[in-house]
Amino acid sequence: IRKQLPSAEHLLGTDNYGRDMFTRILYGGRTTLIVAFGSKLLAIVIGTVLGLICGYYKYAEKILMRILDAMATIPNLLLCLMMVAIFGAGTVNLIIAMAIGGIPGTARMVRNQVLSLKEKEYIESEHAMGASDTRTMFMHILPSCTSYLIVAFSSGLAGAVLSMTSLSYLGLGLSPVIPNWGGMISEAQHLMFGTPHLVLYPGIATCLAVFGFAMLGDGVRDLLDPRLR
């Protein structure tokens, strides 16, 4: 039955095609979390590698950081729109598009940590013992940046969920056949006055996810950020 109100058979009712809203919101949450976690993880990995290189090699910093600074001037949502418009919709393309926007911030943070750590005595001792640059960066400097990276990852999840929902709402995120919260809101917005639950439930799911990840990021930052101790 189309546009059915919440009942014992359908906990959150049905949409304008007769599909169960509860099931679609669960599947939409899975899709949203996959894209959010994937994009932040990819941004952290690439940004960390670039930040290590820029902080350790001055000649690389002059080139790479200027490129990253130029990327950082473009609003994240606009950059995602450009990437999705060029490469098309799809889960992988959306993850890559959202990750690109998070790379400059991560790279800059890691670079700053490398600049403060590479002059430490234990790093100079590693050089004196003949350790390679790769070993020094990944075995001795990178572990010292771990807490900052965990904070950056957890804090960025709320923004990733919001960006993914916004792109899906605009029709530039995923294929319409894949359930997602932004797409559900977009499909039902013209019915919101007659059947408001079609827009209300995916909107509430989005708000709860963003709020939950924001609280998680604050908690992790309070726990791990040494500047707050």
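Given the structure is predicted, the values throughout are model-derived calculations rather than measurements.

A tally of regular secondary structure across the protein gives 9 helices and 0 strands. What you see in the protein, going N to C, is helices and strands ordered as α-α-α-α-α-α-α-α-α. By residue count, 43% of the 229 residues in the protein fall in the buried class. Put simply, of all contacts in the protein between residues at least 6 apart along the chain, 67% involve residues at least 24 apart. Carbon and sulfur atoms form 68% of the exposed surface of the protein, whose accessible area is close to 11,900 Å².

It is worth spelling out helix H4 (residues 91-117) at this point. Owing to its 3.6 residues per turn, the α-helix aligns residues three or four sequence positions apart on the same side. The first and last C-alpha atoms of H4 sit 38 Å apart over 27 residues, in line with the 39 Å expected at 1.5 Å per residue. Its axis deflected by about 35° at Gly102, H4 carries its strongest bend there, up to four residues before the proline Pro104.

Taken N-terminus to C-terminus, the directions of helix H1 (residues 21-56) and helix H7 (residues 146-169) make an angle of 135°; their axes are 9 Å apart at the nearest point. In this view, H1 runs oblique relative to H7, as classed from their interaxial angle. The crossing of H1 and H7 is right-handed. The residues of H7 that touch H1, namely those facing Thr31, Thr32, Val35, Ala36, Phe37, Ser39, Lys40, Leu41, Ile44 and Thr48, are Leu149, Ala152, Phe153, Gly156, Leu157, Ala160, Val161 and Met164. Grouping the constituent residues of the contact of H1 with H7 by class yields 12 nonpolar, 5 polar and 1 charged.

Soluble globular proteins: nonpolar side chains tend toward being buried together. Counting 31 residues, the largest nonpolar core has Met21, Ile25, Val35, Leu94, Met98, Met164 and Trp181 as its most contacted members. Elements supplying a minimum of two residues to this core: H1, helix H3 (76-87), H4, H7, helix H8 (181-188) and helix H9 (197-224). Here the element with the most residues in this core is H7; it accounts for 6 residues. Apart from residues lying up to four places away in sequence, Met21 is in contact with Leu12, Gly13, Thr14, Asp15, Met184, His197, Leu198 and Pro202. Ranked by size, the runner-up nonpolar core spans 10 residues in total, among them Ile44, Leu52, Val110 and Ile141.

Below, the discussion takes up the packing of aromatic side chains. Evaluated as defined, the whole model comprises 4 aromatic pairs. Between the aromatic rings of Phe37 and Phe213, the centroid separation amounts to 6.0 Å while the plane-to-plane angle is 75°, which identifies the pairing as edge-to-face. Taken together, the residues span a long stretch of sequence, with Phe37 in helix H1 and Phe213 in helix H9 at a distance of 176 residues. For the ring pair Tyr57 and Tyr59, a centre distance of 5.6 Å and an interplane angle of 40° mean the geometry is tilted. Grouped by ring-pair contacts, the aromatic residues Phe37, Phe153 and Phe213 constitute a single cluster.

Mean pLDDT over the protein works out to 80, with 89% of the residues at or above the 70 mark. The element-level mean pLDDT for the protein is lowest in helix H5 (residues 121-128), coming to 70, with H1 highest at 87.

Before going further, it helps to spend a moment on the packing of H3 against H7. If you want to describe how two helices pack, look at the angle between their axes and the distance between the axes. Interhelical geometry of H3 versus H7 gives an angle of 50° and a closest axis separation of 11 Å. Relative to H7, the element H3 lies oblique. As H3 runs across H7, the sense of the crossing is right-handed. Residues Asn76, Leu77, Cys80 and Leu81 of H3 form the contact with H7, whose participating residues are Ser163, Ser166 and Leu167.

This brings us to the environment of Lys40. You can see Lys40 is positioned in helix H1. On a C-alpha basis, the gap between Lys40 and Ser154 in space is 8.7 Å, while along the polypeptide they are 114 residues apart. In contact with Lys40, not counting residues within four places along its chain, are Ala152, Phe153, Gly156, Leu157 and Ala160.

Quick look at the pattern of salt bridges now. On inspection of all chains with the given rule, the structure shows 3 salt bridges. Ionic pairing is found between Glu187 and Arg24, a salt bridge with its closest N-O pair at 3.9 Å. Taken together, the residues Glu187 in helix H8 and Arg24 in helix H1 connect sequence positions 163 residues apart. For Glu187, a relative accessible area of 27% gives the class partly exposed. For Arg24, a relative accessible area of 10% translates into the label buried. A salt bridge links Asp69 to Arg108, with the nearest nitrogen and oxygen atoms 3.0 Å apart.

The rules behind the values
Residues numbered from 1 in each chain as written. Predicted model: local features only at pLDDT ≥ 70, side-chain atom pairs only at ≥ 80, totals over all residues. Heavy atoms only, no water. Helix = DSSP H or I, 4+ residues; strand = E, 2+ residues; numbered from the N terminus. Buried < 20%, exposed > 50% of the residue type's maximum accessible area, 1.4 Å probe, protein only. Contact = heavy atoms within 4.5 Å. Areas by Shrake-Rupley, 256 points an atom, 1.4 Å probe, with all protein chains shown as cover. Expected span 1.5 Å × (residues − 1). Bend = angle between axes of the 7 residues up to and from the residue. Axes fitted to C-alpha atoms, helices over the stretch in contact; angles between N-to-C directions. Parallel < 35°, antiparallel > 145°, perpendicular 65-115°, else oblique. Left-handed = near helix turned anticlockwise from the far one by under 90°. Nonpolar A, V, L, I, M, F, W, Y, C, P; charged D, E, K, R; others polar. Core = buried A, V, L, I, M, F, W, Y, C linked by side-chain atoms within 4.5 Å. Phe/Tyr/Trp six-rings, centres within 6.5 Å; stacked < 30°, edge-to-face > 60°. pLDDT = per-residue confidence, 0-100. Salt bridge = Lys/Arg side-chain N within 4 Å of Asp/Glu carboxyl O.

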